[in-house]
Amino acid sequence: MSKLEELIAELCPDGVEYLPIRKCVGKIAKIKWAVASEDTYKYIDLTSVDRDTHLISDTQKIDKNNAPSRAQQIVAEGDILLGTTRPMLKRFCMVNGAYDGQICSTGFCVLRAKESMVMKRWLYHQITSTTFFDHVERFQKGASYPAISDADVKAFEIPVPPIEVQSEIVRILDNFTELTA
């Protein structure tokens, strides 16, 4: 019996609860440009997220004098960004330390894991799944620039096993991802 099978047998004998993402994530602060300091920020817009590597690159420097109207959300390391405009382009990423405290576009749904419930990487793997993108495809609206609302993203239900089980599954998925990269 594998370590994962042992954990599931011990910690999930009756199965796993499924919860909508909205119950597993916290609120995101928005910047108030009118009272913001003179600091500059790295601005993450939709084109800043590489669709192949799922990493952030090519950000712009902004401040309160030149910030686009969509530059609103303050991100933290470990947040998951999902592009909600033309979501089937799969512009998603996990924010790394270089972008902690920076600003992203309202074109992203920002998911900040409640770590008492779900691991950041667990949530990341859930939103990269085929099942999640089937949900996105069903709920996106529009023809030329289809979009999905943050509420519809957060309505997607994910399995929420105990953290020990999540940790082992994340370890396996991360190893598999590394091998296939």
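Here's a quick rundown of the structure. Here the structure is a predicted model, which means the values were calculated and not measured. (Residues numbered from 1 in each chain as written. Predicted model: local features only at pLDDT ≥ 70, side-chain atom pairs only at ≥ 80, totals over all residues. Heavy atoms only, no water.)

Quick word on the packing of aromatic side chains
Working step 1: Within this structure, the stated rule accounts for 5 aromatic pairs.
Working step 2: The interplanar angle of 85° and the centroid separation of 5.2 Å between the aromatic rings of Phe132 and Phe156 together place this pair among those described as edge-to-face. Note that Phe132 is positioned in helix 3 (residues 130-139) and Phe156 in the loop between helix 4 (150-154) and strand 10 (157-159), a separation of 24 residues in sequence.
Working step 3: Take Phe132: its relative accessible area is 0%, and that puts it in the buried class. (Phe/Tyr/Trp six-rings, centres within 6.5 Å; stacked < 30°, edge-to-face > 60°. Helix = DSSP H or I, 4+ residues; strand = E, 2+ residues; numbered from the N terminus. Buried < 20%, exposed > 50% of the residue type's maximum accessible area, 1.4 Å probe, protein only.)

Topic: the environment of Asn96
Working step 1: For Asn96, the location among the structural elements is in the loop between strand 7 (92-94) and strand 8 (103-105).
Working step 2: Judged by relative accessible area, which is 38%, Asn96 ranks as partly exposed.
Working step 3: Along the chain, Asn96 and Thr84 lie 12 residues apart, while their C-alpha atoms are 20 Å from each other.
Working step 4: In this structure the side chain of Asn96 is engaged in a polar contact, spanning 3.0 Å, whose partner is the backbone nitrogen of Ala98. (Polar contact = N/O pair within 3.5 Å; in protein donor to acceptor, adjacent residues only side chain to side chain.)

Thoughts on the sheet that holds strand 7
Working step 1: Spatial strand order, 2-9-6-7: 4 strands in an open sheet with antiparallel pairing. Only two strands of the sheet have a single neighbouring strand rather than two, namely strand 2 (25-26) and strand 7.
Working step 2: Sheet topology places strand 6 (residues 80-83) next to strand 7; 3 bridges connect them, and they run antiparallel. When the sheet's bridge partners are listed, Leu82 is paired in strand 7 with Phe92.
Working step 3: Packed on one face of the sheet, helix 2 (residues 120-127) meets strand 2, strand 6, strand 7 and strand 9 (108-113) and runs near 170° to strand 7. (Pairing = 2+ DSSP bridges. Contact = heavy atoms within 4.5 Å. Axes fitted to C-alpha atoms, helices over the stretch in contact; angles between N-to-C directions.)

Some words on the pairing of strand 6
Working step 1: Across the two faces of strand 6 the burial is the same, with Ile80 and Leu82 and Leu81 and Gly83 all buried.
Working step 2: Sheet analysis places strand 6 next to strand 9, joined by 4 bridges and oriented antiparallel. When the sheet's bridge partners are listed, Ile80 is paired in strand 9 with Leu111.

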